Each structure stands twice: as structure tokens, then as C-alpha cells.
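This is what each chain is made of:
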Amino acid sequence: MIVMNGYSFSQKTAFVFSGGASLGAVEAGALKAIVEEDIQADMVLGTSVGSLNGAMYASNPTIEGVKAIEDVWLNIKVWNVFTPSPLTPVFNISTFGLYLISPKNLRKVITQNLQFTNLEETQIPLYIVGTDIKSGREIVFNKGLALEALMSSVAIPGVFPPQRMAGNSIVDGGLVNNAPISTAVRLGAERVVIFPIGVPSADQEPKTVAEMLIRSFIFLLNRQLSTDIQLYKDKVELIIIPPPDRIDVGPHDFSKSKQLIEESYAKAKEWLDNDGFSPNADTLLHPCDVHTPPVNLMEAVTPEPETKATTRMKEGIKHSSRGVIKSIDETVDVIASDLAKAADDIKEKLFKKKKKEELSDKSD
């Protein structure tokens with residue numbers, strides 16, 4: 001039996017990282033709290049954005065490794081992932097294409113932050129989950145090219161192109177197993193530690209079609225997780241790291257990673273201090289659970305009148321405009337910072353050149 005900071009580790013432990021786009025920053029904060037307690041995994045499984053967090057942790061399962069994960073989240077921008085192009089959608093629709101966004105920038109981000117080439121090189125065994133869009137089968141990568149496995153797992157259907165290999169067309173693993181508890185159990189895990197992303201706050205109603213679709217997808221993924229928890233809680237030790245109580249950030253918004261990291265870290269630390277690192281499937285209230293809570297009975301009444309189309313249009317334009325202005329402001333800040341740095345570099349080079357010339361003149 002291994003004991004770390006008072007926690008006993010006699011069982012084979014799996015860390016499971018789930019998908020959730022920008023909400024993956026929640027996992028980074030929670031992981032920091034866990035690693036600070038010297039709690040480690042015997043295997044790591046990840047789906048979608050969780051595969052990126054999991055891969056970096058498996059490669060360097062230390063507090064320094066977690067800091068590297070945080071740095072990625074603090075520096076990533078929405079255009080690094082969802083790179084907009086006015087031509088790509090038109091081209092793909094007119095040619096019956098399968099995706100809307102080029103994965104070029106996302107591939108670049110992963111390449112820049114990946115410290116290993118093959119999955120076998122990580123310090124902890126790593127398993128990356130994808131979905132074969134042709135058959136609906138789960139695909140689990142455990143060896144070979146890490147970059148290609150990760151690009152497969154994050155390939156949101158319709159947004160990014162599928163990765164074609166060995167007769168499969170592989171897309172985001174979240175379609176079939178967003179928090180792969182079942183896979184961890186089949187691989188021999190006796191204790192499964194789950195890093196969920198949480199759900200958006202209930203008092204915020206979606207204002208655009210995109211927000212409506214993304215929120216719906218998040219609820220479906222949490223519904224899958226709640227079912228898996230009920231299925232496996234009596235078969236293995238399940239430890240769910242509680243996410244923040246309120247998630248006021250959309251899964252498409254990468255500008256609030258610092259907030260998500262800090263809030264999830266604080267929540268995980270509070271849970272560790274109060275309850276300790278122990279099974280909590282029966283005590284933690286999980287969103288979208290339709291198995292254990294009382295049935296939510298409600299009387300049907302005349303619904304509130306639908307908002308007028310003109311009002312919805314005005315609100316939509318106003319909402320979208322705020323997002324565009326914010327993105328422009330962020331872009332201007334980045335450009336200004338880059339220009340200032342370039343100017344400083346030029347000044348330093350000119351200064352060094354002048355000094356060198358002065359020293360040369362003196363020697364002559």
C-alpha cells in the first residue's frame with residue numbers, strides 16, 4: 001500500500017479527463033489541487049480537450065507539469081482553435097465538404113506544447129479516446145503518433161475534419177465516451193478519478209443558435225456521465241472532483257481561462273479540506289442526473305409569450321457585437337504587445353551594434 005499525504009493507494013488508479021472545449025480550463029485548476037496533495041495516477045485517459053490535458057499530465061505528472069498546462073490555457077485564444085474564415089464554409093458547402101474550420105492552427109498549438117512524439121513515451125500510460133464516425137465505435141489510442149491521436153480526439157464533427165487511419169474516420173471521442181470511466185474499468189482500473197467540466201449556470205439563457213447548440217451538447221455529455229456514475233459506482237471506487245458551482249463561461253469562450261482555473265482550484269481545495277480524497281458518487285449532486293433525485297413534477301400552464309422576432313434580432317446583434325468588440329480589443333492588445341516587444345528587440349540590437357562599433361573604433 002502506498003500512502004501519500006494521508007491518502008492510501010492500494011488500487012490501480014485512473015485519471016479521467018472529459019471534453020468540453022474552453023471549459024477544459026476547469027480540469028487544469030482541479031488537477032493542480034490534486035497534484036499538490038501528491039495524488040498520482042497509474043493510467044490517464046482523455047477525451048477531446050481532456051485528451052490534451054491528460055497527455056500533458058501523463059508526460060510530466062508534477063506540479064511543474066500542471067503549471068505548463070495552466071500556461072497553455074492562459075495563453076490560448078479562440079482563434080487558435082476556432083479559426084474563422086469566410087471562404088471555408090462556402091467552399092465546403094458547395095463541394096459537399098465535411099467540416100467548416102481548418103485544423104491548421106489547432107494542430108500548431110498542440111505541436112508547440114507537446115513534449116513527446118509517441119504515446120508510449122509518457123511517464124504514465126496514456127489512452128486517447130476517439131469515435132469512428134462510420135460505425136459509432138469507440139477508438140482508444142495507446143501507441144503511435146501522439147499528435148495524430150490528439151487531433152482525432154478533438155475533431156468536433158462538422159467543425160474539424162475527421163482523421164482517416166486504418167479504415168476508420170475518427171472524430172471527437174465525446175460522441176460515445178466523453179468521460180471514459182467504462183474504458184478505464186476495462187483497462188483494469190480499480191479507482192477512477194473523474195475531472196468533470198460542470199455545466200453552464202442555470203440563470204443564463206442562451207442568446208444565439210450556437211450557444212443553444214453548445215449548451216445542449218454539454219447537457220448531453222453530463223447526462224452520459226451521470227449514467228456512467230450510477231453504473232460503475234458499486235463496481236469500482238469513483239472519485240469525482242467537484243467542478244465550480246457556477247460556470248458563467250460559455251464552452252466557446254477562451255478569454256476566461258484564468259477565472260475557470262482559479263475557481264476550480266478553489267472548489268477542489270475546499271472539497272479536499274472538508275471531505276478528503278474519497279469516493280463520493282453517492283453524496284455529490286451531479287447535474288443532469290435522472291436516476292436518483294425525486295421526479296421533478298410540474299403543472300403545465302399557458303407559456304409566456306414568445307419574444308418578437310425584431311426584439312430577438314436586436315438582442316442577438318447586441319450580444320454578438322459585444323463579443324466581436326471584445327475579440328477586436330484582445331487582438332489589438334496582442335498586436336500592441338508584439339509590436340512593443342519587437343521595438344525593444346530592435347533597440348537592443350542597435351544598441352549592441354553601436355557598442356560593438358565604438359569598441360572597434362577604439363581598438364583601431
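As a starting point, this report considers the structure included with it. (Residues numbered from 1 in each chain as written. Predicted model: local features only at pLDDT ≥ 70, side-chain atom pairs only at ≥ 80, totals over all residues. Heavy atoms only, no water.)

Time to look at the side chain of Asn280. Take Asn280: it is sitting in the loop between helix H11 (257-274) and helix H12 (309-363). In this structure Asn280 touches Leu238, Ile239, Ile240 and Trp271, once residues within four positions along its chain are discounted. (Helix = DSSP H or I, 4+ residues; strand = E, 2+ residues; numbered from the N terminus. Contact = heavy atoms within 4.5 Å.)

Right, let's get into the packing of aromatic side chains. Counted according to the given criterion, the structure contains 5 aromatic pairs. Measuring from centroid to centroid gives 6.4 Å for Phe17 and Tyr57, while their planes differ by 50°, and the two rings are tilted. Note that Phe17 is positioned in strand E3 (residues 13-17) and Tyr57 in helix H2 (residues 49-59), a separation of 40 residues in sequence. For the residue pair Phe17 and Tyr57, the accessibility class agrees, reading buried in each case. Here the aromatic rings of Trp271 and Phe277 are separated by 6.3 Å at their centres, their planes lie at 65°, and the arrangement is edge-to-face. One aromatic cluster is present, formed by Phe15, Phe17, Tyr57 and Phe195 through successive ring pairs. In this arrangement the basic side chain of Lys235 is found over the ring face of Tyr232, its NZ or CZ atom lying 5.3 Å from the centre. (Phe/Tyr/Trp six-rings, centres within 6.5 Å; stacked < 30°, edge-to-face > 60°. Buried < 20%, exposed > 50% of the residue type's maximum accessible area, 1.4 Å probe, protein only. Lys NZ or Arg CZ within 6 Å of the ring centre and 35° of its normal.)

Note on placement: Ser59 falls in helix H2. The buried category is assigned to Ser59, whose relative accessible area is 19%. Not counting chain neighbours up to four residues away, the residues in contact with Ser59 comprise Gln115, Phe116, Thr122 and Gln123.

Turning next to the environment of Val290. Mapped onto the elements of the fold, Val290 is located in the loop between H11 and H12. What makes Val290 exposed here is its relative accessible area of 56%. Through-space distance from the C-alpha of Val290 to that of Thr227 is 8.2 Å; in sequence the pair is 63 residues apart.

Two side chains bearing opposite charge may form a pair once their charged atoms approach each other closely. Here the structure, examined in full by the defined rule, presents 12 salt bridges. Salt-bridge contacts for Glu36 lead to Lys269; the nearest nitrogen and oxygen are separated by 3.5 Å. Residue Glu36 is found in helix H1 (residues 25-36), and its partner Lys269 is found in helix H11; the two are separated by 233 residues along the sequence. For Asp71, the salt bridge goes to Lys67, with nearest N and O atoms at 2.9 Å. Of this pair, Asp71 and Lys67 both sit in helix H3 (residues 63-75), 4 residues apart, roughly one helical turn. Take Asp71: its relative accessible area is 30%, and that puts it in the partly exposed class. Accessibility expressed as a relative area gives 44% for Lys67, which makes it partly exposed. (Salt bridge = Lys/Arg side-chain N within 4 Å of Asp/Glu carboxyl O.)

Once that is clear, we can look at unusual backbone geometry. Of note in this structure, Asp38 is not a glycine but carries a positive phi near 65°. Along the chain, Asp38 falls in the loop between H1 and strand E4 (43-47). A positive phi angle, close to 55°, is found at Ala166, a residue other than glycine. Relative to the helices and strands, Ala166 resides in the loop between strand E7 (163-165) and strand E8 (168-172).

Packing of H1 against H11 leaves a shortest axis separation of 7 Å and a crossing angle of 40°. By the criterion of interaxial angle, the relationship of H1 to H11 is oblique. Handedness of the H1/H11 crossing: right-handed. Contacts from Ala25, Val26, Ala28, Gly29, Ala30, Lys32, Ala33, Ile34 and Glu36 in H1 reach Ser257, Leu260, Ile261, Ser264, Tyr265, Ala268, Lys269, Trp271 and Leu272 in H11. Classifying every residue of the contact of H1 with H11 by side-chain character gives 12 nonpolar, 3 polar and 3 charged. (Axes fitted to C-alpha atoms, helices over the stretch in contact; angles between N-to-C directions. Parallel < 35°, antiparallel > 145°, perpendicular 65-115°, else oblique. Left-handed = near helix turned anticlockwise from the far one by under 90°. Nonpolar A, V, L, I, M, F, W, Y, C, P; charged D, E, K, R; others polar.)

A few words on the nonpolar core. Membership of the largest hydrophobic core comes to 62 residues, with the highest contact counts inside it found for Phe15, Tyr57 and Ile241. Broken down by element, this core gets its largest block of residues, 8 residues, from H1. Contact partners of Phe15, with chain neighbours within four places excluded, come to Leu31, Ile34, Ile39, Gln40, Ala41, Met43, Val44, Leu45, Tyr57, Val193 and Phe195. With 18 residues, the next largest nonpolar core counts Ala179, Ile181, Leu238 and Ile240 among its residues. (Core = buried A, V, L, I, M, F, W, Y, C linked by side-chain atoms within 4.5 Å.)

On the surface, a cluster of nonpolar side chains totalling about 410 Å² of accessible area is made up of Ile133, Leu175, Val176, Phe217 and Leu220. Contributions of two or more residues to the nonpolar patch are made by helix H8 (174-177) and helix H10 (209-232). Within the element layout of this structure, Val176 appears in helix H8. Taking the relative accessible area as the measure of exposure, Val176 reaches 30% and is therefore partly exposed. (Patch = residues over 30% accessible without salt bridge, like charges linked within 9 Å, V, L, I, M, F, W, Y side chains within 5 Å. Areas by Shrake-Rupley, 256 points an atom, 1.4 Å probe, with all protein chains shown as cover.)

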